[in-house]
Amino acid sequence: MKSKALIAPNSLEGTFMHKHFPGVLVAVALLGLSACGPKGDFEKAINAEIGVPMCLAYTNMEKIQFPIRAEISTQDMAVYEALQKDGDITVAEAFGQGFASSYEINVTSKGKAAGVWSKEGFCYGRKQVNEIVRYQEKDGAAQVEYTYRIIDAPAWAKAGLDIEGLKEPASATAALAKYSDGWKFVAGM
């Protein structure tokens with residue numbers, strides 16, 4: 001006498017999964033493909049160029065010992081002011097030879113503990129593509145409009161800097177060229 005297999009209530013879940021499993025696979029595959037194709041390739045090429053750490057650095061970085069004396073541009077002053085406001089550095093005006101003013105910059109104990117100074121300098125984040133807005137591709141070249149955000153920004157940068165991409169996505173453009181090993185960044189704004 002052959003025994004009859006009984007279907008336990010829990011085994012119906014397995015039947016449901018087997019019927020719908022191919023649909024789940026298709027959905028997962030489509031999601032994976034959305035990162036591929038021209039937009040994904042463009043994003044990868046642009047991030048390779050813009051994704052480097054943004055740092056305020058000096059010449060001869062390996063020889064830097066604080067305090068240092070430097071001339072500070074108006075653009076760089078925002079970084080110094082944000083670091084000073086957070087208590088990570090001190091900045092004092094110092095007069096050198098002639099009429100040119102320079103500043104003495106020193107890292108405080110709080111700044112040392114927070115690691116605000118690294119071998120790259122005072123780093124305040126890096127750019128990353130947020131969205132490929134639109135593109136025009138022709139004959140192995142592409143013009144791409146995209147938005148980016150600044151990521152990996154330390155607390156002092158988020159609180160004290162007002163630069164594009166830090167709080168809201170910023171717009172930019174890139175010119176890309178297609179090579180045998182993929183798209184490469186040529187120029188951007």
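Above this text sits the structure in question.
The sections below set out a description of the structure shown in this document. (Residues numbered from 1 in each chain as written. Predicted model: local features only at pLDDT ≥ 70, side-chain atom pairs only at ≥ 80, totals over all residues. Heavy atoms only, no water.)

## Points about the nonpolar core
Rules: For our purposes a nonpolar core is just a set of buried Ala, Val, Leu, Ile, Met, Phe, Trp, Tyr and Cys residues, chained together by side-chain atoms within 4.5 Å. Relative accessibility decides the category of a residue: with a 1.4 Å probe and only protein chains considered, values under 20% of the type maximum give buried, values over 50% give exposed, and everything between is partly exposed. Only DSSP runs of H or I reaching four residues or more are called helices, and only runs of E reaching two or more are called strands; each is numbered from the N terminus. Any pair of residues with heavy atoms lying within 4.5 Å of one another is described as a contacting pair.
Ranked by size, the top nonpolar core spans 26 residues in total, and within it Tyr-58, Tyr-80, Ile-89, Ile-105, Phe-122, Trp-156 and Leu-161 carry the most contacts. Mapped by element, the contributors of at least two residues to this core are strand S1 (53-56), strand S2 (68-70), helix H3 (74-85), strand S3 (89-95), strand S4 (101-107), strand S6 (121-138) and helix H5 (155-160). It is H3 that contributes the most residues to this core, five residues altogether. In contact with Tyr-80, other than residues within four places in its own chain, are Leu-56, Tyr-58, Ile-72, Ile-89, Val-91, Ile-105 and Phe-122. Counting residues in each nonpolar core, the second largest holds 15 residues, with Ala-142, Tyr-148, Ala-172 and Leu-176 among its members.

## Quick notes on the side chain of Asp-88
Our working definition: For the charge count, each Lys or Arg is scored as positive and each Asp or Glu as negative, with His and the chain ends excluded. Think of a salt bridge as a Lys or Arg side-chain nitrogen and an Asp or Glu carboxyl oxygen that are within 4 Å of each other.
In this structure, Asp-88 sits in the loop between H3 and S3. For Asp-88, which is buried and forms no salt bridge, the nearest opposite charge comes from Lys-110, at a distance of 4.1 Å. If sequence neighbours within four positions are ignored, Asp-88 has contacts with Leu-83, Asn-106, Val-107, Thr-108, Lys-110, Gly-111, Ala-114, Val-116 and Trp-156.

## Side note on the sheet that holds S4
For clarity, the threshold we go by: Strand pairing is defined by DSSP finding a minimum of two bridges between the two strands. Axis lines are fitted through C-alpha atoms, for helices just across the contact stretch, and the angle between N-to-C directions can take any value from 0 to 180 degrees.
The antiparallel open sheet is built from three strands, whose spatial order is S2-S4-S3. In this open sheet, the two strands that pair with only one neighbour each are S2 and S3. Taken pair by pair, the neighbouring strands of this sheet meet at an average axis angle of 30 degrees, ignoring direction. Bridge count for S2 against S4 is three bridges, and the pairing is antiparallel.

## Thoughts on the state of the cysteines
Note: disulfide means a covalent bond formed between the sulfur atoms of two cysteine side chains. Defined as follows: Note on terminology: pairs of cysteine sulfur atoms within 2.5 Å are recorded as disulfides.
Evaluated as defined, the whole model comprises one disulfide. There is a disulfide in this structure between Cys-55 and Cys-123, and the S-S distance comes to 1.9 Å. Measuring handedness by torsion sign, the sulfur bridge of Cys-55 and Cys-123 sits at about 95 degrees and is right-handed. Taken together, the residues Cys-55 in strand S1 and Cys-123 in strand S6 connect sequence positions 68 residues apart.

## A closer look at the pattern of salt bridges
Evaluation of the coordinates by the stated rule reveals four salt bridges. Asp-86 is the partner of Lys-110 in a salt bridge, and the nearest nitrogen-oxygen pair spans 3.4 Å. Remark: Asp-86 occurs in the loop between H3 and S3 and Lys-110 occurs in helix H4 (residues 109-114); sequence separation between them is 24 residues. Assessed through its relative accessible area of 42%, Lys-110 is described here as partly exposed. When the shortest N-O distance is used, the salt bridge between Glu-145 and Arg-134 registers 3.1 Å. Taken together, the positions of Glu-145 in strand S7 (residues 141-151) and Arg-134 in strand S6 put the pair 11 residues apart, joining distant regions of the chain. Residue Glu-145 is classed as partly exposed on the basis of its relative accessible area of 32%.

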